[in-house]
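Observations on chain architecture
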Amino acid sequence: MAKLYFRYGAMNSAKSANLLMVAHNYHSQDKPVLLMKPAADTRWDAITSRAIATPGEAMTFTSADNVFDMVAAYIADHTIYAVLLDEAQFVTEEQAEQLAAIVDRFHIPVLCYGLKNRAAKGKLFSGSYGLLYWADTIEEIKNTCSYCNKKATQNLMLINGVPEYHPEEIVMADVDGELRIIPVCRAHYLNPQ
């Protein structure tokens with residue numbers, strides 16, 4: 001039975017690696033999949049992971065695009081067994097509903113991977129909000145806090161080592177550099193070392 005999955009985790013929890021492993025499993029059974037990612041993720045052209053050497057070529061889309069129509073056009077010429085979407089936090093709430101419609105109309109699973117919480121205190125990403133509402137299955141990909149061994153549930157933005165609790169919704173950062181977003185537990189989010 002096809003479902004809409006939202007698999008979320010804090011920063012650096014191997015979400016993209018999980019997606020690429022699922023893609024590999026489908027491909028090893030000669031079952032093609034469609035990889036997708038929002039154009040808002042400007043870090044790389046493909047889906048990449050520090051844990052997996054081979055990137056996955058992905059169809060990109062903007063917040064103005066109708067994802068249902070894009071997938072419908074693609075499957076008119078291609079057989080696919082699943083849609084795998086990375087950086088799902090950047091979809092719009094409307095696109096989250098379109099992803100659910102893909103499952104219901106075409107009976108193929110849609111697996112979305114992304115962050116749930118923004119670095120902004122008390123805020124969810126709009127895409128995560130939509131996916132939490134529409135998803136059939138919600139799964140957490142666990143990681144540990146950068147400062148202790150508790151489960152990471154938050155994403156802490158640091159600019160030159162100083163916490164930023166009110167950033168814009170879309171900020172491109174990684175776990176290295178002057179602008180970093182690191183996985184932390186709630187206690188260390190509120191009181192970083």
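In this text, all values refer to a predicted model and were calculated from it rather than measured experimentally. (Residues numbered from 1 in each chain as written. Predicted model: local features only at pLDDT ≥ 70, side-chain atom pairs only at ≥ 80, totals over all residues. Heavy atoms only, no water.)

1. A word on helix 1 (residues 15-28)
Under the 1.5 Å per step criterion, the end-to-end length of helix 1 is 20 Å for 14 residues, consistent within 8% with the ideal 20 Å. Listed as buried for helix 1 are K15, S16, A17, L19, L20, V22, A23 and Y26. At the exit of helix 1 stands D30, carrying a positive phi of roughly 55 degrees. (Helix = DSSP H or I, 4+ residues; strand = E, 2+ residues; numbered from the N terminus. Expected span 1.5 Å × (residues − 1). Buried < 20%, exposed > 50% of the residue type's maximum accessible area, 1.4 Å probe, protein only.)

2. Remarks on unusual backbone geometry
Negative phi characterises most residues that are not glycine, and trans characterises most peptide bonds. Positioned with a positive phi, E87 is a non-glycine residue whose angle comes to about 55 degrees. Mapping E87 onto the fold places it in the loop between strand 6 (83-85) and helix 3 (93-106). Notably, H107 is not glycine yet its phi reads approximately 55 degrees, a positive angle. Of note, H107 is situated in the loop between helix 3 and strand 7 (110-114). According to the relative accessible area criterion, H107 is exposed, its value standing at 61%.

3. Remarks on the packing of helix 2 (residues 67-77) against helix 3
Their axes nearest at 8 Å, the elements helix 2 and helix 3 cross at an angle of 35 degrees. Counting all contacts with helix 2, which are made through V67, F68, V71, A72 and I75, the residues of helix 3 involved are Q95, Q98, L99, A101, I102, R105 and F106. Split into classes, the residues belonging to the contact of helix 2 with helix 3 amount to nine nonpolar, two polar and one charged. (Axes fitted to C-alpha atoms, helices over the stretch in contact; angles between N-to-C directions. Contact = heavy atoms within 4.5 Å. Nonpolar A, V, L, I, M, F, W, Y, C, P; charged D, E, K, R; others polar.)

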